[in-house]
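Examining the three-dimensional arrangement
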Amino acid sequence: MEIKRKPGFTAREVALATFWVETFGCQMNKSRSEHLAYQLQELGFYLAEGPEEADIFVFNTCAVREHAAERAMNIIVKFAQEKKEKNPDSIIVVCGCLGQLEREKLLGKDEKIDVLAGTHNWGKIPFLIKKAWQEKVKIVDFQEEAPSLYEERGYCHSSKISAYLPITFGCDNFCSYCVVPYTTGKERSKPREIIKEELMNLAEEGFREVTLLGQNVNSYGRDRKEEAFEELLLDIEEWLGNKKIWVRFLTSHPRDFREKIVRIVKDSRVLCPYFHLPLQAGSNKILQLMKRGYTREDYLNKVNLIRQSIPSARIGTDIIVGFPGETDSDFQETLDVVREAQFDVAYTYVYSPRPGTAAYLLEDDVPLPEKKERLHVLNDTLRNIYREKLPSLQGKVMEILVDRKEGGLLSGRGANNLRVYLREPCSIEVGEWIEVVLTPGEGNKVYGSVKK
Ligand code: SAM
Ligand code: SF4
């Protein structure tokens, strides 16, 4: 087979070079990695069969919590050491939020990193990698200011069924505990024409599900002063016409989440009734210290609005315990909100002080054992809520998109994001929509039998 080479590449140096991208952190980061992989392929590199085979190994990092960042740093250093021993010609690339935030630490830590970059020069990284590979040079490249436009397009999707489609990048909220605004820069919205083009391509290519991404999707368009998120949702409904496809969106900021969004989703054929609304804390004192811009009452009103308008909707959240100044009674208030909101999904974290954030200046005064105990109590409470809600699913009929086969067991998710396992043998393939009758089963799993 003849391999076509792009001009400017020599056979030995690039045409057969393979890469692998390892991602730490959130869906936004996964999607960024998919974009980087697309760009590297455009430059003539090949996706490796697995991490061990890659000539170019990219770590796209996350800096949100200290513990995870330290762990990532150790993994990178150990991997780089082993990789270079096995294949001295390979190159190691570190980019993303940790690169942006901790460049000094990374520089000091390991001379085996060949390319060190951040987030603001994202579009340039594939070219830096090409240069480092071809010329065998080490590159450290950072841009202090984030670019003002967000016109990124092209992704090498890791699934053939579900795709991420970022619609905003960066964040203007500056919640007092969070590094994201510092690592990703000002919020920029992708122009509507690009979103339309990408969405239509995904639908054409047979993707069944698209998740719109942003740190706060509800503020889409604010920087462009022309479109609002609601208008984008209505446009999407129109663009997709009668196509069978599901569209989800993440993350909704409770302050900017508006009634009209719920109404649009309720009347929609394509928009899915799963709302990810990070609560973070249930005490008004802590919410104010976190600079979240809403009260527990505002939050619960929005949750009640969703529950009343769309009874089948599911609500997910993120919660931090042990923020500076959080007393036991503040924590009890979080538990009260959790019980009232009856969350279906929750990601829970112990507060991690991050340099450069406003909360870093506050005394981290909740002792670690206390933080861990609160996390434990919170997770138990969430688990009990989930368990108590399970019996109400018995006998319900739901449409699911089958998206996984693990150990011979097929599973899929409903529009509301509930995962359902198919226990009985059937001839269903991954990628099919089917109607199932639900039965809650062992281990908090929900099972479905194909509706006859
Ligand atoms: N933009 C989203 C929002 O408004 O909630 C979330 C983005 S952040 C990458 C994901 C989650 O990490 C947050 O919702 C928060 O719960 C958690 N997180 C962020 N900074 C943290 C910190 N310093 N310590 C502990 N958890 C943190
Ligand atoms: Fe961080 Fe707050 Fe922005 Fe979410 S909205 S990314 S928590 S600053």
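What this report covers is the structure whose coordinates are included nearby. In this convention, every chain numbers its residues from 1, walking through the sequence in written order. Here every chain gets a letter starting at A, and every ligand a number starting at 1, in the order they are written. It should be noted that, the model being predicted, local features are given only for residues of pLDDT at least 70 and side-chain atom pairs only at 80 or more, the latter also being counted only at that level, while totals for whole chains, interfaces and linings use all residues. With hydrogens and water set aside, each side-chain value is computed from the structure's full complement of heavy atoms.

We now examine the site of ligand 2. Any residue with a heavy atom lying within 4 Å of a molecule or strand is counted as near it. The local shell around ligand 2 consists of Cys171, Asn173, Phe174, Cys175, Tyr177, Cys178, Val180, Pro181, Gln215, His253 and Arg292. As a working rule, the residues Ala, Val, Leu, Ile, Met, Phe, Trp, Tyr, Cys and Pro are called nonpolar, Asp, Glu, Lys and Arg charged, and the rest polar, with Gly in that last group. A class-by-class count of the residues in the shell around ligand 2 yields seven nonpolar, three polar and one charged.

So, on to the packing of helix 9 (residues 229-239) against helix 10 (residues 259-266). Axis separation between helix 9 and helix 10 bottoms out at 10 Å; the angle between their running directions is 10 degrees. Comparing their axes, helix 10 and helix 9 come out roughly parallel. Taking contact as the criterion, the partners of Phe229, Glu230, Leu233 and Leu234 in helix 9 are, on helix 10, Lys260, Ile261 and Ile264. A breakdown of the residues in the contact of helix 9 with helix 10 according to their chemical character gives five nonpolar, no polar and two charged. Think of each axis as a best-fit line through the C-alpha atoms, taken over the contacting stretch in the case of a helix, with angles from 0 to 180 degrees between the N-to-C directions. A run of H or I in DSSP counts as a helix once it spans at least four residues, and a run of E counts as a strand once it spans at least two, with each numbered from the N terminus. Orientation categories follow fixed angle ranges, with anything under 35 degrees roughly parallel, anything over 145 roughly antiparallel, 65 to 115 roughly perpendicular, and all other angles oblique. Between two residues, a contact is recorded if the distance between any of their heavy atoms is within 4.5 Å.

The next point concerns the sheet that holds strand 17 (residues 419-422). The five strands are arranged 15-16-17-19-18 in a closed barrel whose pairing can be described as mixed. Geometrically, the sheet is characterised by an average inter-axis angle of 55 degrees between neighbouring strands, direction not taken into account. A strand pair is defined by DSSP finding two or more bridges across the two strands. In this structure, strand 15 (residues 397-406) lies alongside strand 16 (residues 409-414), joined through six bridges in antiparallel fashion. For Leu401, the partnering residue across the bridge sits in strand 16 and is Arg413.

Further remarks concern the site of ligand 1. As a matter of local geometry, ligand 1 sits amid 16 residues, with Tyr177, Gln215, Gln280, Asp318 and Ser352 nearest to it. Arg292 has a polar side-chain atom sitting 3.3 Å from an oxygen atom of ligand 1. Within the contact set of ligand 1, a nitrogen atom lies 2.8 Å away from a backbone nitrogen or oxygen of Ser352. Out of a free accessible area of 560 Å², ligand 1 has 92% covered by protein chains. Breaking the shell around ligand 1 down by element, the ones donating at least two residues are strand 13 (314-321) and strand 14 (345-350). The term polar contact refers here to a pair of N or O atoms within 3.5 Å; inside protein, the definition further demands a hydrogen-donor-capable atom paired with an acceptor-capable atom, and it admits residues adjacent in sequence only when both atoms are side-chain atoms. In these tables, accessible area is a Shrake-Rupley quantity obtained with a 1.4 Å probe, and a residue counts as shielded only by the protein chains included in the view.

Before going further, it helps to examine helix 3 (residues 66-86). The terminal C-alpha atoms of helix 3, which comprises 21 residues, lie 30 Å apart, in line with the 30 Å expected from a rise of 1.5 Å per residue. Restricting attention to buried positions, one finds in helix 3 the residues Ala69, Ala72, Met73, Ile76, Phe79, Ala80, Lys83 and Lys84. With its buried residues spanning 140 degrees around the axis, helix 3 presents them on a single face. The exposed residues of helix 3 that point more than 90 degrees off its buried face are His67, Lys78, Glu85 and Lys86. To estimate how far a helix should extend, the number of its residues minus one is multiplied by 1.5 Å. Relative accessible area decides the class of each residue, using a 1.4 Å probe on protein chains only: under 20% of the type maximum gives buried, over 50% gives exposed, and in between gives partly exposed. The arc in question is the one spanned by the directions pointing from the helix axis to the C-beta atoms.

Read across the open sheet, the three strands follow the order 12-13-14; overall the sheet is parallel. Looking along the sheet, the strands with just one partner apiece sit at the ends: strand 12 (274-276) and strand 14. Within this sheet the neighbouring strands show an average axis-to-axis angle of 10 degrees, counted without direction. Judged from the six bridges that link them, strand 13 and strand 14 form a sheet pairing that is parallel. Looking at the pairing, Asp318 lines up with Tyr347 of strand 14. Sheet contacts for helix 14 (residues 368-389): strand 13 and strand 14; angle to strand 14, the most-contacted strand, approximately 175 degrees.

Further remarks concern the side chain of Lys371. Mapped onto the fold, Lys371 is located in helix 14. Contact partners of Lys371, with chain neighbours within four places excluded, come to Val321, Gly322, Val350, Tyr351, Asp364 and Val366.

This next bit is on the packing of helix 13 (residues 328-341) against helix 14. Helix 14 packs onto helix 13 with a crossing angle of 15 degrees between their chain directions and a minimal axis gap of 10 Å. As the angle between them shows, helix 13 and helix 14 are arranged roughly parallel. Read as a crossing pair, helix 13 and helix 14 show a hand that is right-handed. Counting all contacts with helix 13, which are made through Asp328, Phe331, Leu335, Val338 and Arg339, the residues of helix 14 involved are Glu370, Arg374, Val377, Leu378, Thr381, Leu382 and Ile385. We call a crossing left-handed when the near helix sits turned anticlockwise from the far one by less than a right angle, and right-handed when that turn is clockwise.

The next subject is the packing of aromatic side chains. The aromatic pairing rule takes the rings of Phe, Tyr and Trp, using the six-membered ring of Trp, and pairs them if the centres are within 6.5 Å, calling planes under 30 degrees apart stacked, those over 60 edge-to-face and the rest tilted. With the rule as written, the count across this model stands at 15 aromatic pairs. Ring geometry for Phe257 versus Phe275: centroids 5.5 Å apart, planes at 75 degrees, classification edge-to-face. Placement of Phe257 in the loop between strand 11 (246-250) and helix 10 and of Phe275 in strand 12 is noted, with a sequence separation of 18 residues between them. Assigned by exposure class, Phe257 and Phe275 land together as buried. Ring centres of Tyr421 and Tyr447 lie 6.2 Å apart, and the angle between their planes is 55 degrees; on these two criteria the pair is classed as tilted. Of this pair, Tyr421 sits in strand 17 while Tyr447 sits in strand 19 (residues 446-450), placing them 26 residues apart in sequence. Just as Tyr421 is buried, Tyr447 falls in that class too. We call a charge positioned above a ring when the Lys NZ or Arg CZ atom is no farther than 6 Å from the ring centre and deviates by at most 35 degrees from the ring normal. Above the face of the Phe169 ring, Arg32 is positioned so that its terminal group lies 3.9 Å from the ring centre. One cation-aromatic arrangement involves Lys244 over Trp433; the distance from NZ or CZ to the ring centre is 4.8 Å.

Let us look at the layout of surface pockets. Here a cavity means grid points, on a 1 Å grid over the protein atoms only, where a 1.4 Å probe fits yet cannot get out; a pocket means an open set of points with protein on both sides within 12 Å along at least five of seven lines; lining residues are those with an atom within 4 Å of a point. Grid points are joined across faces, edges and corners, and a volume is the space filled by probe spheres set on the points. Approximately 630 Å³ is the volume attributed to the second largest pocket. Lining the second largest pocket are 31 residues, and of these Ser312, Ala313, Arg314, Met398 and Asn416 lie nearest its centre. Elements with a minimum of two residues in the lining of the second largest pocket: helix 10, helix 14 and strand 15. Among the elements that line the lining of the second largest pocket, the one with the most residues is strand 15, at three residues. Classifying every residue of the lining of the second largest pocket gives 17 nonpolar, five polar and nine charged.

Here we take up unusual backbone geometry. For the peptide bond that leads from Leu250 to Thr251, omega is -10 degrees, which places it in the cis range. By the secondary structure assignment, Thr251 is in the loop between strand 11 and helix 10. Phi at Gln280 takes a positive value of approximately 70 degrees, unusual for a residue other than glycine. Given a relative accessible area of 7%, Gln280 falls into the buried group. Despite not being glycine, Asn417 has its phi angle at roughly 80 degrees, a positive value. Residue position: Asn417 is located in the loop between strand 16 and strand 17.

In short, shape yes, function no, at least from these values alone.
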